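# Observations on chain architecture
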Amino acid sequence: MRDARRSYLSGAAVVWAARMASFASGFASLLLLTRILSQATFGAYSFAMNVVLLLGLLAVLGLDRALLYRVAATAPAPGVLKGTGLVLRVTAAGVGFAGVVAILLWAFAPQIEAAGAPLGAAFWLAALAAAVVPLALTRILASWMQANHRVAIGIIVPAISDAARAGLLGLV
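Report follows, based on the coordinates. (Residues numbered from 1 in each chain as written. Predicted model: local features only at pLDDT ≥ 70, side-chain atom pairs only at ≥ 80, totals over all residues. Heavy atoms only, no water.)

## What about the packing of helix α3 (residues 63-73) against helix α4 (residues 84-107)?
We count it as follows: For helices, the axis comes from a line fit to the C-alpha atoms of the stretch in contact; other axes are also lines fit to C-alpha atoms, and the angle between any two N-to-C directions lies between 0 and 180 degrees. Numbered from the N terminus, helices here are DSSP runs of H or I no shorter than four residues, and strands are runs of E no shorter than two. Angular relationships are summarised with four words: roughly parallel below 35 degrees, roughly antiparallel beyond 145, roughly perpendicular across 65 to 115, and oblique for the angles in between. Here, residues are in contact when the closest pair of their heavy atoms is within 4.5 Å.
The interhelical angle for the contact between α3 and α4, taken along N-to-C directions, is 175°, at an axis separation of 10 Å. For the element pair α3 / α4, the angle class is roughly antiparallel. Side by side, α3 and α4 meet where L63, L67, R70 and V71 of the first sit next to L86, V87, V90, A93 and G94 of the second.

Encoded structure:
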């Protein structure tokens, strides 16, 4: 009983730390952007980032939730990650479709801006289009980890993605 409680508490601490790291990196990148960009450029960036985030969520076509359901429904195997073959197929399909979405977003960025998006959004849409793929990938991997009762690792995956985004913004 004591080991189970210790395991639960250490897992909860990791989840909390990952959420705080994700929050801090998101806040830091937002603060950095507001200092660097003008008001109009920041508006265009915000529009583009919201489009990319939405497409990243939609690009997995619900396969992340289906993976979570299918893997969690299988019999547990101690010390083994279940559903490795299934996660490879889902990852290939999800990342492939996300890649197509990213290419289409990049190709149609000028038309999206011409249709009424903020001025300068075409640049940000084209620059951030490639982020659709890692967003889709992190959704799939996080669901797989959660299905294997690795909740802490499932939470860390998006936190790493957020920290990487903050780091990339420092390079731009």
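## Notes on the pattern of salt bridges
This is how it is decided: We define a salt bridge as a side-chain nitrogen of Lys or Arg found within 4 Å of a carboxyl oxygen belonging to Asp or Glu. Type-normalised accessible area, obtained with a 1.4 Å probe on protein chains alone, sets the label of each residue: buried when under 20%, exposed when over 50%, and partly exposed for intermediate values.
The full count for this structure, using the stated rule, is 2 salt bridges. Close ionic contact of D64 with R65 constitutes a salt bridge, the shortest N to O distance being 3.9 Å. For D64, a relative accessible area of 2% gives the class buried. Since its relative accessible area comes to 44%, R65 is described here as partly exposed. R139 is the partner of D64 in a salt bridge, and the nearest nitrogen-oxygen pair spans 2.9 Å. Separated by 75 residues along the polypeptide, D64 in helix α3 and R139 in helix α7 (residues 132-147) bring together distant segments of the chain. Salt bridges sharing partners connect three or more residues here, namely D64, R65 and R139.

## Focus: the packing of aromatic side chains
We count it as follows: Only rings of Phe, Tyr and Trp enter the pairing, Trp through its six-membered ring, and a pair is recorded when the two centres are within 6.5 Å. The plane angle decides the type: under 30 degrees is stacked, over 60 is edge-to-face, the rest tilted.
Across all of its chains, the model carries 3 aromatic pairs by this definition. Ring centres 5.1 Å apart and planes at 80° place the aromatic pair Y45 and W124 in the edge-to-face group. One end of the pair, Y45, is in helix α2 (residues 39-58); the other, W124, is in helix α6 (residues 121-128), with 79 residues separating them in the sequence. For the pair shown, Y45 and W124 are each scored as buried. Seen from their ring centres, F123 and W124 are 5.1 Å apart, and the 75° between their planes marks the pair as edge-to-face. Taken together, the ring pairs in this structure connect F42, Y45, F123 and W124 into an aromatic cluster.

## Considerations on α6
Here is the rule: In this description, one arc is meant: the one made by directions from the helix axis to the C-beta atoms.
Of the residues making up α6, those classed as buried are A121, A122, W124, L125 and L128. An end-on view of α6 places all buried positions within 165° of arc, on one side of the element.

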